[in-house]
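Descriptive structure summary
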Amino acid sequence: MAAATSTEESFKLAIPDADLELLRKKLDLVRLPDELDGAEWDYGVPLDDVKRLVAHWQEKFDWRKSEAKINELPMFTRDIEVEGFGTLNAHYVHQRSEVDNAIPLLFVHGWPGHFLEVRKILPLLTAKSPDHPSFHVVAPSLPGFGFSGAIKKTGFKGPQYAEFLNKLMISLGYNEYVYQGGDWGHILGLQAVTHYGHKHIKAWHSNMPLPGARPSPVKNPLIFLSTVLSAFSQEGRANMQRAQQFAQQGTGYSKMQSTKPQTLAYGLTDSPVGLLAWIYEKLVIWSDKYPWGDDEVLEWVSIYWFSRAGPGAAGRIYYEMANGGTGNALDGNVWQSVPLGISYFPGEVVRLPRSWSHLIGKLVFEGEHEKGGHFAAHEAPEGLVGDLRKMYGKGGPAYGVVPGKDGYSA
């Protein structure tokens with residue numbers, strides 16, 4: 001097998017002035033659609049929202065200010081060899097705790113997220129205290145996202161993402177570590193644990209607990225029965241209705257990216273306003289009434305607009321993981337014996353019966369929250385970090401799971 005890594009290099013964002021000027025020109029030439037009376041959010045992002053955001057982008061948003069703030073993060077790049085796909089240049093945030101025995105933690109984002117999702121939890125996770133564990137945190141941009149390099153060949157699927165992530169951790173000296181993710185971070189976590197669990201990944205945590213399959217009355221009789229009974233509770237009925245509504249009305253983006261991502265990429269790559277609407281819709285409807293500020297939204301979208309591989313590249317993960325729309329990204333995933341923790345947030349896109357979490361793996365920790373949605377690390381950082389501290393802290397079910405790295409000062 002090829003060597004895993006090359007030399008690490010420090011990374012600072014410096015978007016060329018020419019790219020900013022091109023963006024300004026495109027915003028000046030924007031042509032917006034009309035809107036039906038009373039459409040509101042039923043048809044997609046309201047026109048007034050887009051008009052406001054475009055005007056703010058043109059007149060007030062200061063990318064250089066955001067860029068300087070992002071550059072305060074400890075960012076790096078290095079080459080990672082992925083078997084059959086050559087060298088991929090990985091961009092990542094790497095913040096070590098001052099606690100020598102801190103727990104190495106790999107944080108993996110999803111779509112339409114990116115590496116900045118780690119920003120709010122970074123100081124909390126690396127904080128030193130006798131009352132909770134501390135972590136060394138690694139938060140990469142997935143290939144094709146943010147400032148990691150682009151994938152050049154078809155067929156980059158779950159095993160390749162898992163290899164990329166595991167080799168990155170090993171290259172940083174973390175041969176044994178824990179894992180956290182939601183959205184694609186959860187799905188790729190299943191892949192990573194399948195291929196590298198126990199030997200490298202000692203435990204993992206998810207804030208989007210989707211199993212590989214529904215419970216079977218033969219294989220999982222108790223979970224199946226609890227699912228049937230949950231339909232008689234108010235919460236169970238509400239969750240089922242929400243899941244059904246999402247399946248019927250909220251998965252168009254996935255179908256498009258799972259079948260014809262290249263066609264969609266032309267619009268996202270050429271139109272900053274099209275990209276804005278595409279991402280802004282999910283930020284709003286997938287969060288738990290989170291008060292998105294205009295600067296906040298535009299910074300988030302700008303990471304995609306200025307991304308190294310281009311705004312259209314990130315969507316290809318859907319095609320590869322779903323076999324061009326003929327399969328499901330969760331197909332083939334089976335129960336894993338690596339210790340698993342779950343955080344439940346009320347605004348998550350789909351809330352399945354809690355008993356289904358036992359279908360994913362060896363469930364050792366569960367945390368329930370009163371607020372927070374799909375972007376838990378950004379919306380409810382204290383809640384997410386609090387669960388990780390409980391899971392890995394003294395007295396927790398995964399305390400000491402990484403040998404010699406319990407998260408506390410000696």
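Being a predicted model, the structure only gives us computed values, none of them experimental. (Residues numbered from 1 in each chain as written. Predicted model: local features only at pLDDT ≥ 70, side-chain atom pairs only at ≥ 80, totals over all residues. Heavy atoms only, no water.)

1. Comments concerning the sheet that holds strand β3 (residues 86–95)
Two strands in a sheet stick together by hydrogen bonds in their backbones, pointing the same way (parallel) or opposite ways (antiparallel). Ordered by their spatial adjacency, nine strands build an open sheet running β1-β2-β3-β5-β4-β6-β7-β8-β9, and the pairing between neighbours is mixed. Single-partner strands in this sheet number two, and they are β1 (9–10) and β9 (361–368). Sheet analysis places β3 next to strand β5 (residues 135–140), joined by four bridges and oriented antiparallel. For glutamine 95, the partnering residue across the bridge sits in β5 and is valine 137. (Pairing = 2+ DSSP bridges. Helix = DSSP H or I, 4+ residues; strand = E, 2+ residues; numbered from the N terminus.)

2. Section: unusual backbone geometry
A cis geometry characterises the amide bond from tryptophan 111 onward to proline 112, with omega recorded as 5°. Turning to its location among the elements, proline 112 is positioned in the loop between β4 (103–108) and α4 (122–125).

3. Here we look at the pattern of salt bridges
Evaluated as defined, the whole model comprises 16 salt bridges. The salt bridge partner of glutamate 368 is arginine 351, with a shortest N-O separation of 3.1 Å. Remark: arginine 351 occurs in the loop between β8 (336–344) and β9 and glutamate 368 occurs in strand β9; sequence separation between them is 17 residues. The exposure class assigned to arginine 351 is buried, which follows from its relative accessible area of 12%. One salt bridge connects glutamate 368 with arginine 354, and the closest N-O pair in it is separated by 2.9 Å. (Salt bridge = Lys/Arg side-chain N within 4 Å of Asp/Glu carboxyl O. Buried < 20%, exposed > 50% of the residue type's maximum accessible area, 1.4 Å probe, protein only.)

4. Topic: the UniProt feature "domain: Epoxide hydrolase N-terminal" (unreviewed entry) in the protein
Per the UniProt annotation, the sites labelled "domain: Epoxide hydrolase N-terminal" (unreviewed entry) are residues 9–118. For residues 9–118, helix accounts for 30% and strand for 24%, while the C-alpha atoms at its two ends are 20 Å apart. (UniProt positions renumbered as here; feature names shortened; annotations may be inferred.)

5. Observations concerning the UniProt feature "active site" (unreviewed entry) in the protein
Here, the residues flagged by UniProt with the feature "active site" (unreviewed entry) are Asp183, Tyr318 and His374. Secondary-structure assignment places aspartate 183 in the loop between β6 (177–181) and α6 (184–196). Tracing the sequence through the fold places tyrosine 318 in helix α13 (residues 316–321). Using a relative accessible area of 5% as the deciding quantity, one classes tyrosine 318 as buried. Discounting residues that sit within four places of it in the chain, tyrosine 318 has contacts with Trp111, Trp184, Tyr253, Ser254, Gln257 and Ser258. Only 3.5 Å separates the side chain of tyrosine 318 from the side chain of tryptophan 184, close enough to count as a polar contact. (Contact = heavy atoms within 4.5 Å. Polar contact = N/O pair within 3.5 Å; in protein donor to acceptor, adjacent residues only side chain to side chain.)

6. A look at the environment of glycine 315
In this structure, glycine 315 sits in the loop between α12 (294–305) and α13. Sequence spacing of glycine 315 and serine 258 is 57 residues, and the spatial spacing of their C-alpha atoms is 7.8 Å. Other than its neighbours up to four places away in sequence, glycine 315 contacts Gln257 and Pro261.

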